[in-house]
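One letter stands for each residue in the lines below.
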Amino acid sequence: MNRTKEERVHEVFETIHHKYDLMNSVISFRLHKSWRKKTMGALNVKQGAVVLDLCCGTAEWTMDLAEAAGSSGSVTGVDFSAGMLQTGQEKIEQKGLSQVELLQANVMDLPFPDESFDYVTIGFGLRNAADYPTVLREMYRVLKKGGQAVCLETSTPENSCFKRLYSIYFSYMMPYLGKLVAGNYEEYSWLQESTAAFPDKNLLTLMFADAGFRKVDVTSFAMGTAAAHSAWKSG
Ligand SMILES: C[S@@+](CC[C@H](N)C(=O)[O-])C[C@H]1O[C@@H](n2cnc3c(N)ncnc32)[C@H](O)[C@@H]1O
């Protein structure tokens with residue numbers, strides 16, 4: 001039976017949630033941590049801010065956002081995988097971050113009123129959604145006027161030689177690393193497929209503008225293998 005993209009993605013994350021954090025560090029050579037740190041620096045979340053973290057997974061970015069917003073702020077993490085949320089919830093409890101709430105929902109249909117959040121983030125999540133423009137429109141809708149949205153995601157390297165090397169690593173080596181470390185090949189070949197199908201940073205910028213965002217800034221990381229798109233809603 002043919003599964004939809006959404007069913008496949010859901011199954012992938014329900015299968016790998018126990019090993020997700022470990023695998024993330026292995027396959028990105030821990031670079032994802034420095035990309036997130038730099039993106040947080042540009043976001044400059046204020047104490048007391050109301051923040052939404054979409055596709056929050058095991059809540060790594062959610063917890064950084066909670067520390068920045070402080071105990072007077074509030075951070076809501078949304079994901080549709082119960083397993084990823086459960087792993088995230090355990091970490092949040094260990095850290096005693098009472099300003100965080102995790103919610104199981106689909107990011108294509110958010111259960112929040114218009115203009116609810118000061119910041120909306122999505123880390124390595126948009127690529128997994130069945131329809132990118134729908135998610136971007138939802139991000140825009142729930143953002144307050146003057147608020148900022150940020151998408152950190154894998155991207156396409158611009159240098160053609162590096163692009164070839166990267167493609168070999170992604171297509172052949174990474175699924176084997178997945179098999180070796182997480183005991184799973186099929187799930188890590190999804191990362192390669194979804195990255196190959198994802199728009200490059202210029203097209204993604206246009207998609208943000210189409211969703212209504214006023215200004216879009218792009219920062220590339222590691223020779224274009226990842227990019228952060230920051231976008232603002234008019235005040
Ligand atoms: C690659 S993980 C990213 C997790 C986390 N943001 C991080 O940076 O480590 C992608 C997450 O998106 C979630 N996801 C994918 N499509 C979704 C959807 N339509 N609605 C809610 N969550 C979704 C998956 O369950 C998974 O936890």
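Residues numbered from 1 in each chain as written. Predicted model: local features only at pLDDT ≥ 70, side-chain atom pairs only at ≥ 80, totals over all residues. Heavy atoms only, no water.

## Focus: the overall build of the chain
The test is simple: Segments assigned H or I by DSSP are reported as helices when at least four residues long, segments assigned E as strands when at least two residues long, and all are numbered from the N terminus. As defined in this context, the radius of gyration uses C-alpha atoms, and a globule is described by 2.2 Å times the residue total to the power 0.38. Each residue gets one of three labels from its accessible area relative to the maximum for its type: buried under 20%, exposed over 50%, partly exposed in between, using a 1.4 Å probe on protein chains only. Here, residues are in contact when the closest pair of their heavy atoms is within 4.5 Å. Here the accessible surface of atoms and residues is derived via Shrake-Rupley with a 1.4 Å probe, and residues count as covered only by protein chains that are part of the display. Only four residue types enter the tally: Lys and Arg on the positive side, Asp and Glu on the negative side; His and the chain ends are excluded. Throughout, a charge is located at the NZ atom of Lys, the CZ atom of Arg, the CG atom of Asp or the CD atom of Glu.
Helix and strand counts for the chain come out as 9 helices and 7 strands. A compact globule built from 235 residues should have a C-alpha radius of gyration of about 18 Å, and the chain, at 17 Å, falls within 12% of that. Seen through its principal axes, the chain has C-alpha atoms that stretch 45 × 40 × 35 Å. The burial tally for the chain puts 51% of its 235 residues in the buried class. Sequence separation of at least 24 residues holds for 73% of the intrachain contacts in the chain that already meet a minimum separation of 6. Carbon and sulfur atoms provide 54% of the accessible area of the chain, an area that totals close to 11000 Å². Separation between the mean location of the 24 positive side-chain charges and that of the 27 negative ones in the chain comes to 7 Å.

## Some points on the packing of aromatic side chains
The criterion, for reference: Side-chain rings of Phe, Tyr and Trp (the six-membered ring for Trp) are treated as a pair once their centres are within 6.5 Å; stacked means planes under 30 degrees apart, edge-to-face means over 60, and tilted covers the remaining angles. Charge over a ring is defined by NZ of Lys or CZ of Arg lying within 6 Å of the ring centre and within 35 degrees of the ring normal.
Under the definition given, this model contains 7 aromatic pairs. Each ring, one from F112 and one from F117, has its centre 5.1 Å from the other, and the planes form 85°; the classification is edge-to-face. With respect to burial, F112 and F117 carry one shared label: buried. On the basis of an interplanar angle of 85° and a centroid distance of 5.0 Å, the ring pair of Y140 and F213 is categorised as edge-to-face. Of the two residues, Y140 sits in helix α6 (residues 132-142) while F213 sits in the loop between α9 (201-210) and β6 (215-221), which places them 73 residues apart along the sequence. By relative accessible area, which is 4% here, F213 ends up buried. Over the ring of W232 we find K215; its NZ or CZ atom is 4.3 Å from the centre of that ring.

## As for the pairing of strand β2 (residues 74-79)
Put simply, side chains in a regular strand alternate between the two faces of the sheet. The test is simple: Two strands pair under a simple rule: DSSP has to find at least two bridges between them. Orienting the strands away from the viewer, one traces the path from the first strand over the helix to the second; a clockwise path indicates a right-handed crossover.
For β2, a buried count of 5 out of 6 residues is recorded, marking the element as mostly surrounded by other parts of the structure. Two elements, strand β1 (residues 50-54) and β2, share 5 bridges in a ladder whose sense is parallel. Bridge assignment links V51 to a residue of β2, and that residue is V75. For the crossover that starts at β1, traverses helix α4 (residues 60-69) and ends in the parallel β2, the hand is right-handed.

## Some words on the pattern of salt bridges
Put simply, the rule reads: Think of a salt bridge as a Lys or Arg side-chain nitrogen and an Asp or Glu carboxyl oxygen that are within 4 Å of each other.
A full pass over the atoms with the stated rule returns 14 salt bridges. Measuring nitrogen to oxygen at the nearest pair gives 3.7 Å for the salt bridge that ties R36 to E60. Pair noted here: R36 is in helix α3 (residues 31-43) and E60 is in helix α4, with a separation of 24 residues, a long-range link. Of the charged contacts in the structure, one is a salt bridge between R141 and E138, with a shortest N-O distance of 2.7 Å. Taken together, the residues R141 and E138, both in helix α6 and 3 residues apart, mark about one turn of the helix. Note on R141: relative accessible area 23%, which makes it partly exposed. Through salt bridges with shared partners, one network takes in D21, R36, E60, D64 and K91.

## Observations regarding the UniProt feature "binding site: S-adenosyl-L-methionine" (unreviewed entry) in the chain
Counted only if it meets this: UniProt positions are given in the numbering used here, feature names are shortened, and annotations may be inferred rather than shown by experiment. Each polar contact in these results corresponds to two N or O atoms within 3.5 Å; when the atoms are within protein, one needs to be able to donate a hydrogen and the other to accept it, and residues that are neighboring in sequence are counted only if both atoms are side-chain atoms.
Feature annotation in UniProt places "binding site: S-adenosyl-L-methionine" (unreviewed entry) on T58, D79, N106 and V107, given in this structure's numbering. One can find N106 in the loop between β3 (100-104) and β4 (117-123). With a relative accessible area of 24%, N106 lands in the partly exposed category. The contacts of N106, once residues within four sequence positions are left out, are E6 and F80. Within the structure, the side chain of N106 is placed 3.0 Å from the backbone nitrogen of M108, a separation counted as a polar contact.

## Thoughts on the site of the ligand
Rules: The criterion for a residue being near a molecule or strand is simple. One of its heavy atoms has to lie within 4 Å of it. Each residue receives one of three labels: charged for Asp, Glu, Lys and Arg, nonpolar for Ala, Val, Leu, Ile, Met, Phe, Trp, Tyr, Cys and Pro, and polar for the others, Gly being one of them.
Taken together, 17 residues form the shell around the ligand, and within it Y20, C55, D79, N106 and G123 come nearest. A distance of 2.6 Å is found between an oxygen atom of the ligand and a side-chain nitrogen or oxygen belonging to D79. Within the contact set of the ligand, a nitrogen atom lies 2.8 Å away from a backbone nitrogen or oxygen of G123. The protein chains hide 98% of the 600 Å² of surface that the ligand would expose on its own. Grouping the amino acids of the shell around the ligand by side-chain chemistry returns 10 nonpolar, 6 polar and 1 charged.

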